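# Chain and residue survey
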Amino acid sequence: ENDEINVCVTGAAGQIGYAFLPLLLTGQCFGDKKINLRLLDVPQAESILQGVELELQDGAYPLLKSIKTGSNESILFQDVDVAVFIGGFPRKPGMERKDLLTINGNIFKKQGQALDTVAKKTCKSLVVANPANTNCLILAETAKSIPKQNFSALTRLDHNRAISQIALKAGCSITDVKNVIIWGNHSTTQYPDVNHGTVLGKRIRQFINDEAYLNNAFIERVQKRGGEVLAARKNSSVMSAANAVKDHLHDWYFGTKSGEFVSMAVYSDGSYGVPKGLIFSYPVTCSNFNYKIVQGLNIDEFSKEKIRITTEELLSEKADAFSA
Ligand code: NDP
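The rules we used
Within each chain, residues carry numbers counting from 1 in the order of the written sequence. Owing to the predicted nature of the model, reporting of local features is limited to residues with pLDDT of at least 70; listing and counting of side-chain atom pairs is limited to 80 or more, with chain, interface and lining totals taken over all residues. Note: side-chain values were computed over all heavy atoms of the structure, leaving out hydrogens and water. Being near a molecule or strand, for a residue, means having at least one of its heavy atoms within 4 Å of it. Here a polar contact means two N or O atoms within 3.5 Å. Within protein one must be a hydrogen donor candidate and the other an acceptor candidate, and residues neighboring in sequence count only if both atoms are side-chain atoms. Calculation of accessible area relied on Shrake-Rupley with a 1.4 Å probe; when residues are assessed, cover is drawn exclusively from the protein chains displayed. In DSSP terms, a helix is any run of H or I states spanning at least four residues, a strand is any run of E spanning at least two, and both are numbered starting from the N terminus. Note that Gly is not counted as nonpolar here; it falls among the polar residues with everything else outside the nonpolar set of Ala, Val, Leu, Ile, Met, Phe, Trp, Tyr, Cys and Pro and the charged set of Asp, Glu, Lys and Arg. Marked domain ranges trace back to an automatic or database domain assignment. Among buried residues, those of type Ala, Val, Leu, Ile, Met, Phe, Trp, Tyr and Cys that are joined through side-chain atoms within 4.5 Å constitute a nonpolar core. In this scheme, a residue with accessible area under 20% of its type's maximum is buried, one over 50% is exposed, and one in between is partly exposed, where area comes from a 1.4 Å probe on protein chains only. Two residues form a contact once any of their heavy atoms are found within 4.5 Å. With a 1 Å grid spanning the protein atoms alone, the term cavity applies to any set of points in which a 1.4 Å probe fits but cannot get out, the term pocket to an open set with protein on both sides within 12 Å along at least five of seven lines, and the term lining residue to any residue with an atom within 4 Å of a point. Grid points are joined across faces, edges and corners, and a volume is the space filled by probe spheres set on the points. Paired strands are those between which DSSP finds at least two bridges. Note on geometry: axes are C-alpha line fits, over the in-contact stretch for helices, and angles between N-to-C directions span 0 to 180 degrees.

Our focus in this paragraph is the site of the ligand. Close contacts around the ligand come from 21 residues, with Gln15, Ile16, Asp41, Asn130 and Leu157 the closest. Between the ligand and the protein, one listed contact pairs an oxygen atom with a side-chain N or O atom of glutamine 111 at 3.4 Å. One of the backbone N or O atoms of serine 237 is found 3.0 Å from a nitrogen atom in the ligand. In the complex, 77% of the free accessible area of the ligand, which totals 910 Å², lies under the protein chains. Looking at the shell around the ligand, the elements that each hand over two or more residues are α1 (15–25) and α4 (97–118). Partitioning the shell around the ligand into residue classes produces 10 nonpolar, 10 polar and 1 charged. Residues from two domains meet in the shell around the ligand; each of domain 1 (4–153) and domain 2 (156–323) gives at least three.

If you want it as C-alpha coordinates, here you go:
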(Lines give C-alpha, C1' and ligand atoms only; values in the text may rest on other atoms or scores of the structure.)
Protein backbone atom coordinates (compact mmCIF):
# COMPACT_ATOMS: atom_id res chain seq x y z
CA GLU A 1 0.00 0.00 0.00
CA ASN A 2 1.00 3.56 -0.61
CA ASP A 3 1.20 4.66 2.98
CA GLU A 4 3.53 1.74 3.81
CA ILE A 5 7.16 1.07 3.06
CA ASN A 6 9.01 -2.26 3.28
CA VAL A 7 12.44 -1.74 4.79
CA CYS A 8 15.10 -4.40 5.39
CA VAL A 9 18.10 -3.75 7.64
CA THR A 10 21.01 -6.23 7.56
CA GLY A 11 23.42 -6.60 10.46
CA ALA A 12 20.40 -5.61 12.54
CA ALA A 13 21.77 -7.26 15.68
CA GLY A 14 24.82 -4.99 15.54
CA GLN A 15 25.64 -1.63 17.03
CA ILE A 16 24.81 0.71 14.14
CA GLY A 17 21.54 -1.12 13.57
CA TYR A 18 20.67 -0.65 17.24
CA ALA A 19 21.26 3.11 17.01
CA PHE A 20 19.55 3.47 13.63
CA LEU A 21 16.25 1.66 14.22
CA PRO A 22 14.78 4.28 16.60
CA LEU A 23 15.52 7.01 14.05
CA LEU A 24 13.78 5.02 11.32
CA LEU A 25 10.77 4.22 13.47
CA THR A 26 10.21 7.81 14.58
CA GLY A 27 9.68 8.91 10.99
CA GLN A 28 13.03 10.59 10.49
CA CYS A 29 13.74 8.85 7.18
CA PHE A 30 10.38 8.40 5.43
CA GLY A 31 8.03 10.71 7.31
CA ASP A 32 4.75 9.17 8.44
CA LYS A 33 4.93 6.05 6.21
CA LYS A 34 4.10 2.91 8.16
CA ILE A 35 7.06 0.56 8.18
CA ASN A 36 7.10 -3.16 7.48
CA LEU A 37 10.46 -3.90 9.03
CA ARG A 38 12.65 -6.87 8.18
CA LEU A 39 15.72 -7.49 10.30
CA LEU A 40 18.45 -9.73 8.92
CA ASP A 41 21.51 -11.08 10.66
CA VAL A 42 23.62 -14.23 10.71
CA PRO A 43 22.20 -17.33 12.48
CA GLN A 44 24.70 -16.90 15.37
CA ALA A 45 23.07 -13.53 16.16
CA GLU A 46 19.54 -14.97 16.36
CA SER A 47 19.10 -14.47 20.09
CA ILE A 48 20.36 -10.88 19.95
CA LEU A 49 18.01 -10.18 17.06
CA GLN A 50 15.13 -11.51 19.12
CA GLY A 51 16.16 -9.17 21.93
CA VAL A 52 16.09 -6.24 19.50
CA GLU A 53 12.62 -7.30 18.42
CA LEU A 54 11.46 -7.33 22.06
CA GLU A 55 12.75 -3.80 22.53
CA LEU A 56 11.09 -2.64 19.33
CA GLN A 57 7.80 -3.96 20.69
CA ASP A 58 8.46 -2.11 23.94
CA GLY A 59 9.11 1.07 22.00
CA ALA A 60 5.40 1.01 21.01
CA TYR A 61 6.24 2.87 17.79
CA PRO A 62 3.04 3.94 16.04
CA LEU A 63 4.84 3.72 12.66
CA LEU A 64 5.92 0.10 13.10
CA LYS A 65 3.37 -1.95 11.13
CA SER A 66 5.10 -5.34 11.17
CA ILE A 67 8.42 -7.04 11.97
CA LYS A 68 10.09 -10.11 10.49
CA THR A 69 13.47 -11.31 11.65
CA GLY A 70 15.82 -14.02 10.40
CA SER A 71 18.90 -14.93 8.41
CA ASN A 72 17.40 -15.84 5.04
CA GLU A 73 17.81 -13.05 2.47
CA SER A 74 15.39 -14.65 0.03
CA ILE A 75 12.60 -14.34 2.58
CA LEU A 76 13.54 -10.99 4.13
CA PHE A 77 14.25 -9.13 0.85
CA GLN A 78 10.85 -10.14 -0.56
CA ASP A 79 9.21 -7.03 -2.06
CA VAL A 80 11.48 -4.62 -0.19
CA ASP A 81 11.40 -0.94 -1.14
CA VAL A 82 14.55 -0.05 0.79
CA ALA A 83 17.48 -2.21 1.93
CA VAL A 84 20.08 -0.88 4.35
CA PHE A 85 23.19 -3.07 4.39
CA ILE A 86 24.91 -2.62 7.74
CA GLY A 87 26.05 -6.21 8.28
CA GLY A 88 29.55 -7.07 7.22
CA PHE A 89 32.54 -9.08 8.25
CA PRO A 90 34.85 -6.97 10.44
CA ARG A 91 38.55 -6.63 9.75
CA LYS A 92 40.41 -8.83 12.22
CA PRO A 93 44.05 -8.32 13.29
CA GLY A 94 46.46 -9.76 10.73
CA MET A 95 43.86 -9.82 7.97
CA GLU A 96 44.95 -8.48 4.58
CA ARG A 97 42.73 -5.99 2.81
CA LYS A 98 42.25 -8.51 0.04
CA ASP A 99 40.93 -11.14 2.48
CA LEU A 100 38.39 -8.64 3.79
CA LEU A 101 37.34 -7.75 0.24
CA THR A 102 36.93 -11.41 -0.63
CA ILE A 103 34.89 -12.34 2.45
CA ASN A 104 32.61 -9.32 2.14
CA GLY A 105 32.49 -9.71 -1.63
CA ASN A 106 31.01 -13.16 -1.18
CA ILE A 107 28.45 -11.87 1.34
CA PHE A 108 27.40 -9.09 -1.04
CA LYS A 109 27.21 -11.44 -4.04
CA LYS A 110 24.83 -13.68 -2.15
CA GLN A 111 22.76 -10.74 -0.99
CA GLY A 112 22.80 -9.23 -4.50
CA GLN A 113 21.42 -12.46 -5.95
CA ALA A 114 18.59 -12.51 -3.44
CA LEU A 115 17.84 -8.82 -4.01
CA ASP A 116 17.79 -9.41 -7.77
CA THR A 117 15.32 -12.26 -7.43
CA VAL A 118 12.85 -11.12 -4.77
CA ALA A 119 13.10 -7.36 -4.13
CA LYS A 120 11.00 -4.80 -5.97
CA LYS A 121 12.77 -3.56 -9.11
CA THR A 122 12.42 -0.07 -7.66
CA CYS A 123 14.24 -1.10 -4.47
CA LYS A 124 16.79 1.44 -3.21
CA SER A 125 19.93 0.16 -1.49
CA LEU A 126 22.29 1.88 0.92
CA VAL A 127 25.52 0.09 1.88
CA VAL A 128 27.17 0.97 5.20
CA ALA A 129 29.32 -2.13 5.85
CA ASN A 130 32.97 -1.63 4.97
CA PRO A 131 34.59 -1.48 2.50
CA ALA A 132 31.29 0.24 1.69
CA ASN A 133 31.97 1.48 -1.85
CA THR A 134 33.28 -1.84 -3.11
CA ASN A 135 30.65 -3.89 -1.28
CA CYS A 136 28.05 -1.67 -2.96
CA LEU A 137 29.65 -2.16 -6.37
CA ILE A 138 29.47 -5.95 -5.99
CA LEU A 139 25.86 -5.69 -4.88
CA ALA A 140 24.93 -3.49 -7.85
CA GLU A 141 26.81 -5.68 -10.35
CA THR A 142 25.11 -8.80 -9.00
CA ALA A 143 21.55 -7.48 -8.76
CA LYS A 144 21.51 -6.81 -12.50
CA SER A 145 17.76 -6.42 -12.92
CA ILE A 146 17.71 -3.39 -10.60
CA PRO A 147 18.89 -0.08 -12.10
CA LYS A 148 22.41 1.00 -11.07
CA GLN A 149 20.88 4.35 -10.14
CA ASN A 150 19.21 2.63 -7.15
CA PHE A 151 22.47 1.79 -5.34
CA SER A 152 24.46 3.97 -2.98
CA ALA A 153 27.07 3.75 -0.25
CA LEU A 154 27.36 5.94 2.83
CA THR A 155 29.73 8.92 2.82
CA ARG A 156 27.25 11.14 4.64
CA LEU A 157 29.06 10.67 7.94
CA ASP A 158 32.22 12.08 6.33
CA HIS A 159 30.14 14.89 4.84
CA ASN A 160 28.59 15.72 8.23
CA ARG A 161 32.02 15.62 9.86
CA ALA A 162 33.32 18.11 7.30
CA ILE A 163 30.38 20.50 7.80
CA SER A 164 30.77 20.30 11.55
CA GLN A 165 34.52 21.02 11.49
CA ILE A 166 33.96 24.07 9.28
CA ALA A 167 31.18 25.34 11.56
CA LEU A 168 33.43 24.92 14.61
CA LYS A 169 36.31 26.71 12.92
CA ALA A 170 34.07 29.52 11.64
CA GLY A 171 32.25 29.85 14.97
CA CYS A 172 28.86 29.60 13.29
CA SER A 173 26.00 27.13 13.33
CA ILE A 174 25.72 23.95 11.24
CA THR A 175 22.98 25.38 9.03
CA ASP A 176 25.23 28.31 8.08
CA VAL A 177 27.59 25.90 6.28
CA LYS A 178 26.57 24.59 2.86
CA ASN A 179 27.87 22.49 0.00
CA VAL A 180 31.00 20.83 1.24
CA ILE A 181 31.82 17.71 -0.79
CA ILE A 182 33.27 14.30 -0.04
CA TRP A 183 34.84 12.81 -3.18
CA GLY A 184 35.70 9.15 -3.64
CA ASN A 185 36.08 6.32 -1.19
CA HIS A 186 34.72 6.04 2.36
CA SER A 187 38.27 5.56 3.63
CA THR A 188 41.22 7.71 4.59
CA THR A 189 41.84 8.56 0.89
CA GLN A 190 38.50 10.40 0.66
CA TYR A 191 38.82 14.05 -0.35
CA PRO A 192 36.82 16.53 1.76
CA ASP A 193 36.55 19.54 -0.57
CA VAL A 194 35.55 23.02 0.63
CA ASN A 195 36.11 24.84 -2.68
CA HIS A 196 32.43 25.01 -3.61
CA GLY A 197 31.02 25.53 -0.15
CA THR A 198 29.86 28.61 1.72
CA VAL A 199 29.60 29.91 5.28
CA LEU A 200 26.78 32.43 5.70
CA GLY A 201 26.72 32.82 1.93
CA LYS A 202 30.42 33.62 1.65
CA ARG A 203 33.01 31.23 0.14
CA ILE A 204 34.44 28.94 2.85
CA ARG A 205 38.02 29.80 1.84
CA GLN A 206 37.31 33.54 2.13
CA PHE A 207 35.38 33.24 5.38
CA ILE A 208 37.93 31.05 7.16
CA ASN A 209 40.93 32.65 5.49
CA ASP A 210 43.40 29.98 6.57
CA GLU A 211 44.72 28.04 3.56
CA ALA A 212 47.20 26.01 5.60
CA TYR A 213 44.39 24.76 7.85
CA LEU A 214 41.97 24.00 5.03
CA ASN A 215 44.55 22.22 2.87
CA ASN A 216 46.06 20.11 5.63
CA ALA A 217 44.68 19.78 9.16
CA PHE A 218 41.04 20.02 8.09
CA ILE A 219 41.35 17.36 5.41
CA GLU A 220 43.33 15.02 7.61
CA ARG A 221 40.97 15.43 10.55
CA VAL A 222 37.92 14.48 8.48
CA GLN A 223 39.78 11.59 6.82
CA LYS A 224 40.91 10.17 10.17
CA ARG A 225 37.95 11.13 12.35
CA GLY A 226 36.80 7.51 12.66
CA GLY A 227 40.13 6.64 14.27
CA GLU A 228 39.92 9.63 16.60
CA VAL A 229 36.51 8.51 17.86
CA LEU A 230 37.69 4.90 18.18
CA ALA A 231 40.68 5.91 20.28
CA ALA A 232 38.60 8.10 22.60
CA ARG A 233 35.52 5.93 22.95
CA LYS A 234 37.30 2.59 22.66
CA ASN A 235 34.50 1.74 20.28
CA SER A 236 33.67 2.80 16.73
CA SER A 237 31.53 5.77 15.73
CA VAL A 238 28.12 4.18 16.05
CA MET A 239 25.75 7.03 17.01
CA SER A 240 27.07 9.39 14.33
CA ALA A 241 27.07 6.60 11.72
CA ALA A 242 23.41 5.82 12.46
CA ASN A 243 22.57 9.52 12.28
CA ALA A 244 24.26 9.73 8.87
CA VAL A 245 22.28 6.73 7.60
CA LYS A 246 19.14 8.62 8.62
CA ASP A 247 20.28 11.84 6.87
CA HIS A 248 21.25 9.95 3.69
CA LEU A 249 17.87 8.18 3.42
CA HIS A 250 15.88 11.28 4.39
CA ASP A 251 17.48 13.52 1.78
CA TRP A 252 17.42 10.88 -0.96
CA TYR A 253 13.72 10.29 -0.31
CA PHE A 254 12.48 13.81 0.44
CA GLY A 255 15.02 15.71 -1.68
CA THR A 256 17.77 18.22 -1.00
CA LYS A 257 17.00 21.90 -0.45
CA SER A 258 17.12 24.23 -3.43
CA GLY A 259 20.70 25.31 -4.18
CA GLU A 260 22.17 22.72 -1.82
CA PHE A 261 23.89 19.42 -2.37
CA VAL A 262 25.03 16.51 -0.22
CA SER A 263 27.57 13.72 -0.70
CA MET A 264 26.54 10.20 -1.71
CA ALA A 265 28.67 7.39 -3.10
CA VAL A 266 26.92 6.34 -6.32
CA TYR A 267 27.60 4.50 -9.56
CA SER A 268 30.00 6.66 -11.53
CA ASP A 269 28.91 7.72 -15.01
CA GLY A 270 32.27 9.24 -15.96
CA SER A 271 31.54 12.60 -14.30
CA TYR A 272 34.69 14.54 -13.35
CA GLY A 273 36.90 12.09 -15.21
CA VAL A 274 36.24 9.23 -12.76
CA PRO A 275 36.11 5.92 -14.65
CA LYS A 276 32.64 4.48 -15.14
CA GLY A 277 31.68 1.54 -12.96
CA LEU A 278 33.01 2.60 -9.57
CA ILE A 279 30.88 3.48 -6.56
CA PHE A 280 32.28 6.96 -6.02
CA SER A 281 31.25 9.70 -3.61
CA TYR A 282 30.02 12.77 -5.50
CA PRO A 283 28.08 15.93 -4.74
CA VAL A 284 24.46 15.16 -5.59
CA THR A 285 21.07 16.81 -5.52
CA CYS A 286 18.05 14.64 -4.76
CA SER A 287 14.32 14.66 -5.32
CA ASN A 288 11.67 11.93 -5.14
CA PHE A 289 14.11 9.19 -4.20
CA ASN A 290 16.35 10.01 -7.18
CA TYR A 291 19.71 11.72 -7.28
CA LYS A 292 21.65 13.70 -9.87
CA ILE A 293 25.40 14.20 -9.78
CA VAL A 294 26.11 17.95 -9.62
CA GLN A 295 27.76 18.95 -12.90
CA GLY A 296 30.04 21.75 -14.01
CA LEU A 297 32.04 22.38 -10.84
CA ASN A 298 35.48 23.76 -11.53
CA ILE A 299 38.12 21.36 -10.17
CA ASP A 300 41.55 22.88 -9.44
CA GLU A 301 44.88 21.01 -9.70
CA PHE A 302 45.07 20.36 -5.93
CA SER A 303 41.64 18.75 -5.99
CA LYS A 304 42.38 16.78 -9.18
CA GLU A 305 45.33 15.15 -7.48
CA LYS A 306 43.29 14.27 -4.37
CA ILE A 307 40.52 12.84 -6.55
CA ARG A 308 43.10 10.83 -8.49
CA ILE A 309 44.44 9.24 -5.29
CA THR A 310 41.04 8.08 -4.04
CA THR A 311 40.12 6.88 -7.55
CA GLU A 312 43.29 4.75 -7.66
CA GLU A 313 42.34 3.16 -4.35
CA LEU A 314 38.85 2.31 -5.55
CA LEU A 315 40.22 0.83 -8.79
CA SER A 316 42.59 -1.37 -6.83
CA GLU A 317 39.82 -2.46 -4.41
CA LYS A 318 37.70 -3.32 -7.42
CA ALA A 319 40.52 -5.32 -9.02
CA ASP A 320 41.09 -7.24 -5.76
CA ALA A 321 37.39 -7.87 -5.19
CA PHE A 322 36.73 -9.09 -8.72
CA SER A 323 39.88 -11.22 -8.96
CA ALA A 324 38.61 -13.42 -6.12
P1 NDP B 1 28.58 -2.14 13.51
O2 NDP B 1 27.11 -2.17 13.51
O3 NDP B 1 29.29 -1.25 14.45
O4 NDP B 1 29.14 -1.85 12.05
C5 NDP B 1 28.61 -2.52 10.93
C6 NDP B 1 29.40 -2.20 9.68
O7 NDP B 1 29.34 -0.82 9.40
C8 NDP B 1 30.88 -2.56 9.76
O9 NDP B 1 31.23 -3.14 8.50
C10 NDP B 1 31.53 -1.21 9.93
O11 NDP B 1 32.82 -1.18 9.36
C12 NDP B 1 30.63 -0.37 9.08
N13 NDP B 1 30.77 1.07 9.23
C14 NDP B 1 30.64 1.97 8.25
N15 NDP B 1 30.82 3.20 8.66
C16 NDP B 1 31.08 3.12 9.96
C17 NDP B 1 31.37 4.08 10.93
N18 NDP B 1 31.44 5.34 10.68
N19 NDP B 1 31.59 3.66 12.19
C20 NDP B 1 31.52 2.36 12.47
N21 NDP B 1 31.27 1.41 11.58
C22 NDP B 1 31.05 1.78 10.34
O23 NDP B 1 29.15 -3.61 13.71
P24 NDP B 1 28.67 -4.77 14.64
O25 NDP B 1 29.80 -5.75 14.64
O26 NDP B 1 28.09 -4.29 15.91
O27 NDP B 1 27.45 -5.40 13.85
C28 NDP B 1 27.59 -6.03 12.63
C29 NDP B 1 26.48 -7.05 12.46
O30 NDP B 1 26.64 -7.63 11.17
C31 NDP B 1 26.55 -8.16 13.50
O32 NDP B 1 25.28 -8.31 14.09
C33 NDP B 1 26.92 -9.37 12.67
O34 NDP B 1 26.29 -10.56 13.11
C35 NDP B 1 26.42 -9.00 11.30
N36 NDP B 1 27.11 -9.67 10.23
C37 NDP B 1 26.39 -10.03 9.17
C38 NDP B 1 26.95 -10.74 8.14
C39 NDP B 1 26.08 -11.15 7.01
O40 NDP B 1 25.08 -10.51 6.77
N41 NDP B 1 26.40 -12.20 6.29
C42 NDP B 1 28.36 -11.11 8.14
C43 NDP B 1 29.07 -10.66 9.27
C44 NDP B 1 28.45 -9.95 10.29
P45 NDP B 1 34.16 -1.48 10.17
O46 NDP B 1 34.20 -2.98 10.33
O47 NDP B 1 35.21 -0.95 9.25
O48 NDP B 1 34.05 -0.74 11.47
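Before going further, it helps to examine the nonpolar core. Residues Val9, Phe30, Leu37, Val84 and Leu249 are the most contacted members of the largest nonpolar core, which totals 76 residues. With 7 residues, helix α10 (residues 239–254) is the largest single contributor of residues to this core. Shared between two domains, this core takes at least three residues from each, and those domains are domain 1 (4–153) and domain 2 (156–323). When neighbours within four sequence positions are excluded, valine 84 is seen to be in contact with Cys8, Val9, Thr10, Phe20, Leu126, Val128, Val245 and Leu249. Grouped together as the second largest cluster of nonpolar side chains are 30 residues, Cys8, Val80, Ala140 and Ala153 included.

Bringing the layout of surface pockets into the picture now. Vacant regions in the atomic arrangement are exposed by a probe of water-molecule size rolled over the atoms. Reported here for the second largest pocket is a volume of approximately 410 Å³. Lining the second largest pocket are 19 residues; nearest its centre among them are Arg156, Asp251, Lys257, Glu260 and Val262. For the lining of the second largest pocket, the secondary-structure elements that each account for two or more residues are α6 (156–170), β7 (177–178) and α10. It is α6 that contributes the most residues to the lining of the second largest pocket, 5 residues altogether. Broken down by class, the residue content of the lining of the second largest pocket amounts to 5 nonpolar, 8 polar and 6 charged.

So, on to the sheet that holds strand β1 (residues 4–10). Pairing is mixed in the open sheet, where 9 strands are placed in the order β3-β2-β1-β4-β5-β6-β12-β13-β14. In this open sheet, the two strands that pair with only one neighbour each are β3 (64–70) and β14 (290–293). Looking at each pair of strands side by side, their axes are set apart by 30° on average, direction ignored. Pairing of β1 with strand β4 (residues 82–85) involves 4 bridges; the strand directions are parallel. Pairing of valine 7 across the sheet is with valine 82, part of β4. Each of β4, β5 (124–127), β6 (151–153), β12 (262–267), β13 (279–287) and β14 touches α10; the most contacted strand, β5, lies at about 155° to it.

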